[in-house]
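Tertiary structure, described
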Amino acid sequence: MVNISDVAAEKTREILSTEGKAEWGLRFYTSGSSCCGPSYGIDIVENPVDGDEVIEKNGTKFFIDKDTVEKLNGMTIDFVDDGQKQGFVVNNPNPPTCGPSCGSSCG
């Protein structure tokens, strides 16, 4: 199961409202991979794609494609804003260890 934080749900509601698409949702998908693991993409969409898992959190819709749901199982989609960076993040309670070929690129 993929978890959505309250902060991510609130920020999503704010973004969708600003875009004039309050009834739409965010769709998460896998957009590539590296030695550190997959990279994810996000789109604002009106409806899920066939096979997407639909998660509702605090009245906000999240659509996650089938392959990405499997990769994010047990993880939490959150939103951070620490003054220097702002955006959606995936928090993994069990982060993978990086092999020697990655060097410090996965830190």
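Coordinates for the structure precede this section.
Residue numbers run consecutively from 1 along every chain, following the written order of its sequence. With the structure being a predicted model, the display of local features is reserved for residues of pLDDT at least 70 and the display and counting of side-chain atom pairs for 80 or more, all residues being used for whole-chain, interface and lining totals. Hydrogens and water are ignored here; the side-chain numbers use all heavy atoms of the structure.

**Brief notes about the sheet that holds strand E3 (residues 37-45)**
A pair of strands is treated as paired once DSSP finds two or more bridges between them. Helix and strand definitions follow DSSP, with helices as H or I runs of at least four residues and strands as E runs of at least two, each counted in order from the N terminus. Spatial strand order, E3-E2-E5-E4: 4 strands in an open sheet with mixed pairing. The sheet terminates laterally at E3 and strand E4 (53-57), the two strands that pair on one side only. Across the sheet, the mean angle separating the axes of adjacent strands is 25 degrees when strand polarity is ignored. Two strands pair when backbone bridges link them, and strand E2 (residues 25-34) and E3 are joined in this way by 9 bridges, in the antiparallel orientation. Bridge pairing links Phe-28 to Ile-42 in E3. Helix axes use the C-alpha atoms of the stretch in contact, all axes being lines fitted to C-alpha atoms, and the angles between their N-to-C directions lie in the range 0 to 180 degrees.

**A closer look at the sheet that holds strand E1 (residues 3-4)**
Read from one edge of the open sheet, 3 strands run E1-E6-E7, paired in mixed fashion. Looking at which strands have only one partner, the edges of the open sheet turn out to be E1 and strand E7 (86-91). Contacting E1, strand E6 (76-81) and E7, helix H1 (residues 6-18) crosses the sheet at an angle of about 70 degrees to E6. We call two residues in contact when some of their heavy atoms are within 4.5 Å.

**Considering the nonpolar core**
Core analysis: the largest hydrophobic core is formed by 14 residues, its most contacted members being Val-2, Ile-4, Phe-28, Ile-55, Phe-62, Ile-64 and Ile-77. Here Ile-77 is in contact with Val-2, Asn-3, Ile-4, Ser-5, Ala-8, Phe-28, Ile-64, Leu-72, Phe-88 and Val-89, once residues within four sequence places are set aside. Nonpolar cores were defined as sets of buried Ala, Val, Leu, Ile, Met, Phe, Trp, Tyr and Cys residues, with membership established by side-chain atoms within 4.5 Å. Note on exposure labels: buried denotes an accessible area under 20% of the residue type's maximum, exposed denotes more than 50%, and partly exposed covers the range between, all computed with a 1.4 Å probe on protein chains only.

**Concerning the pairing of E2**
Where E2 folds back on E3, the antiparallel hairpin that results is connected by 2 residues. Bridge count between E2 and strand E5 (residues 60-64): 4 bridges; the pairing is parallel. For Phe-28, the partnering residue across the bridge sits in E5 and is Ile-64.

**Focus on the environment of Gly-25**
Along the chain, Gly-25 turns up in strand E2. Among the residues examined, Gly-25 registers a relative accessible area of 0% and is labelled buried. Residues Gly-25 and Val-54 lie 29 residues apart in sequence; the distance between their C-alpha atoms is 9.4 Å. For Gly-25, the contacting residues outside a window of four places in its chain are Leu-16, Asp-43, Ile-44, Val-45, Lys-61 and Phe-63.

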